[in-house]
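# Working through the structure, step by step
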Amino acid sequence: MDPRALKEGIVSGRLDADALSAGFADLHAPLTDHEALVAADRCYFCHDAPCITACPTDIDIPLFIRQIATGTPEAAAKTILTQNIMGGMCARVCPTETLCEQACVREKAEGEPVQIGRLQRYATDTLMAQGVHPFSRAASTGKRIAVVGAGPAGLSCAHRLAMHGHDVVVFDARPKAGGLNEYGIAAYKSTEDFAAREVDWLLQIGGIEIRNNMALGRDVTMADLQSEYDAVFLGMGLGGVNALTAPGADKEGVLDAVDFIADLRQTTDLGSLPVGRDVVVIGGGMTAVDAAVQSKLLGALNVTIVYRRGRDRMNASVWEQELAAAKGVRIITNASPVAVHGNGAVREIEFEFTDDDLNPTEQTFRLAADQVFKAIGQTLTGDDLPDLDGRKIAVTGPGRTSVKGVWAGGDCAAGGEDLTVTAVAEGRDAAEDIHAALMRA
């Protein structure tokens, strides 16, 4: 074993460049032309296709697969992008195993669905590689809409509004557009700077201005937006992170998983990123899996995910759980953190076994840890927002909030699932409602 892997503490350079490159390569290699034709040939082209119903953006999946099968992947891409303008990223990160592919007739009959996600990537990549943008703007309406957040919901909303002839200004708190796609997804799911390239491609529609480093409440207020624009769409996601309340959670080495993933996504040198020898990730969702797997790929010796309920309650899909296990990550369930131990920096974290209702059992155990990542959920931040439903913005219909002229969608809005594809659908639908409202005015 390489002695660098055994070094205690949080250090960089645990693996050499070749190992890092191999570990962070594309999780699923793109289909070749021949492979795409073979995969498309497995589709039954169902008339009443359950895969369409299972897709949050309602893509006509049998149609686009038939278009691939007949040698017109560009037409397939337009079918996809008409419903989901971020179909390229969704093809890479959607949990298709619990959505369209789970509903596939082939899955139910044979246990092997049509590779819908990889076929979608094949079609959209083919079109994007040609530098083609298949949509054009309608005549100018003279209306201006403010969009807060340049993530999947905000960009989807902005693109659809621009298509209708409106002028859109997108405000985003970060230096780069893309939101979750740029900062919050495992690097091996979106390689070769795809998130940024997709944003550049999307902006070819015209009529969209992005203003980076502009946060709602800090650099611009709701009152400003309402007075200067004809409508406002809120799609800023969830900027806060739930706190770990266990004693000692403020020790050095206890970090937010979302920050770790963002740092990893923005680095140009994976070898420079420090990671612990013994890493513990607290949580059971996609963020927890992404943080754990990437810790392992950076060279952490022992990586453990600890979740407070059973595996069947984890938000990460079974496929994602199995991916983590295949990469050497251990998963412990029905355990909640009760204390973080160490002299200044974390050295151990103590857990207590619980049942699925989180009732304590008084049975505890400790895990060695020089780095702990919190992946226990994110929260909405900011003041002067529309009415909330729980901890998110309350919406009715296609994203209407309690404030006239203000819509919301994506992770910051109540209802729906915290998925890229759901955010895209909500942004698109809100845009259509905004357009209808403005044209009636």
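### Looking at the pattern of salt bridges
- Taken as a whole and judged by the stated rule, the model has 19 salt bridges.
- D219 is the salt-bridge partner of R218, the closest N and O atoms lying 2.6 Å from each other.
- Residue class for R218 comes out exposed when judged on its relative accessible area of 55%.
- D256 is the partner of K374 in a salt bridge, and the nearest nitrogen-oxygen pair spans 3.1 Å. A residue pair is termed long-range when its members are at least 10 positions apart, and K374 in strand β15 (residues 371-374) and D256 in strand β7 (residues 254-256) qualify at 118 residues.
- According to the relative accessible area criterion, K374 is buried, its value standing at 15%.

### Quick notes on the nonpolar core
- In terms of nonpolar packing, the biggest core is built from 65 residues, with I61, F64, I65, I68, L119 and I434 touching the most fellow members.
- When residues of this core are assigned to their parent elements, the largest contribution, seven residues, is made by helix α17 (residues 420-440).
- Every residue in contact with F64, bar those within four places of it in the chain, is listed here: I59, A76, T79, I80, I116, L119 and Q120.
- Counting residues in each nonpolar core, the second largest holds 32 residues, with A186, A292, V293 and L297 among its members.

### A short note on the sheet that holds strand β9 (residues 278-282)
- With respect to topology, five strands assemble into an open sheet ordered β7-β15-β9-β10-β11, the strand pairing being parallel. Either end of the sheet is taken by a strand with one partner, and the two such strands are β7 and β11 (330-332). Adjacent strand axes in the sheet meet at a mean angle of 25° when their direction is disregarded.
- Taken together, the three bridges between strand β10 (residues 302-306) and β11 define a ladder with parallel strand orientation. Considered in β11, the bridge of V306 is made with I332.
- The strands touched by helix α15 (residues 286-297) are β9, β10 and β15; relative to β10, the strand with the most contacts, the crossing angle is about 170°.

### A look at the side chain of R14
- Take R14: it is sitting in the loop between β1 (10-11) and α1 (17-23).
- Despite its burial, R14 pairs with no opposite charge, the nearest such side chain being D370 at 5.0 Å.
- Among the polar contacts listed, one links the side chain of R14 to the backbone oxygen of G9, at a separation of 2.6 Å.
- Within polar-contact distance, the side chain of R14 engages the backbone oxygen of V275 at 2.9 Å.

### Some details on the packing of aromatic side chains
- Counting across every chain of the model gives four aromatic pairs.
- When the ring of F171 is compared with that of Y229, the centres are 6.1 Å apart and the planes differ by 90°; the resulting orientation is edge-to-face. Highlighted residues: F171 in strand β3 (residues 167-171) and Y229 in the loop between α13 (222-228) and β5 (231-234), separated in sequence by 58 residues.
- On the basis of relative accessible area, F171 is assigned to the buried category, the value being 3%.
- Aromatic side chains F351 and F365 sit 5.5 Å apart centroid to centroid with 20° between the ring planes, which places their arrangement in the stacked category. One end of the pair, F351, is in strand β13 (residues 348-354); the other, F365, is in strand β14 (residues 360-368), and 14 residues separate them in sequence.

### With respect to the sheet that holds β13
- Pairing in this open sheet of three strands is antiparallel, and the strands run β12-β13-β14 from one edge to the other. Each edge of the sheet is formed by a strand with only one pairing partner; in this case those strands are β12 (335-341) and β14. Here the average twist between neighbouring strands, direction ignored, is 25°.
- Bridging between β12 and β13 involves six bridges; their strand directions are antiparallel.

What counts and what doesn't
Residues numbered from 1 in each chain as written. Predicted model: local features only at pLDDT ≥ 70, side-chain atom pairs only at ≥ 80, totals over all residues. Heavy atoms only, no water. Salt bridge = Lys/Arg side-chain N within 4 Å of Asp/Glu carboxyl O. Buried < 20%, exposed > 50% of the residue type's maximum accessible area, 1.4 Å probe, protein only. Helix = DSSP H or I, 4+ residues; strand = E, 2+ residues; numbered from the N terminus. Core = buried A, V, L, I, M, F, W, Y, C linked by side-chain atoms within 4.5 Å. Contact = heavy atoms within 4.5 Å. Pairing = 2+ DSSP bridges. Axes fitted to C-alpha atoms, helices over the stretch in contact; angles between N-to-C directions. Lys, Arg positive; Asp, Glu negative; His and termini not counted. Polar contact = N/O pair within 3.5 Å; in protein donor to acceptor, adjacent residues only side chain to side chain. Phe/Tyr/Trp six-rings, centres within 6.5 Å; stacked < 30°, edge-to-face > 60°.

Everything listed here is a matter of geometry and, on its own, says nothing about what the molecule does.
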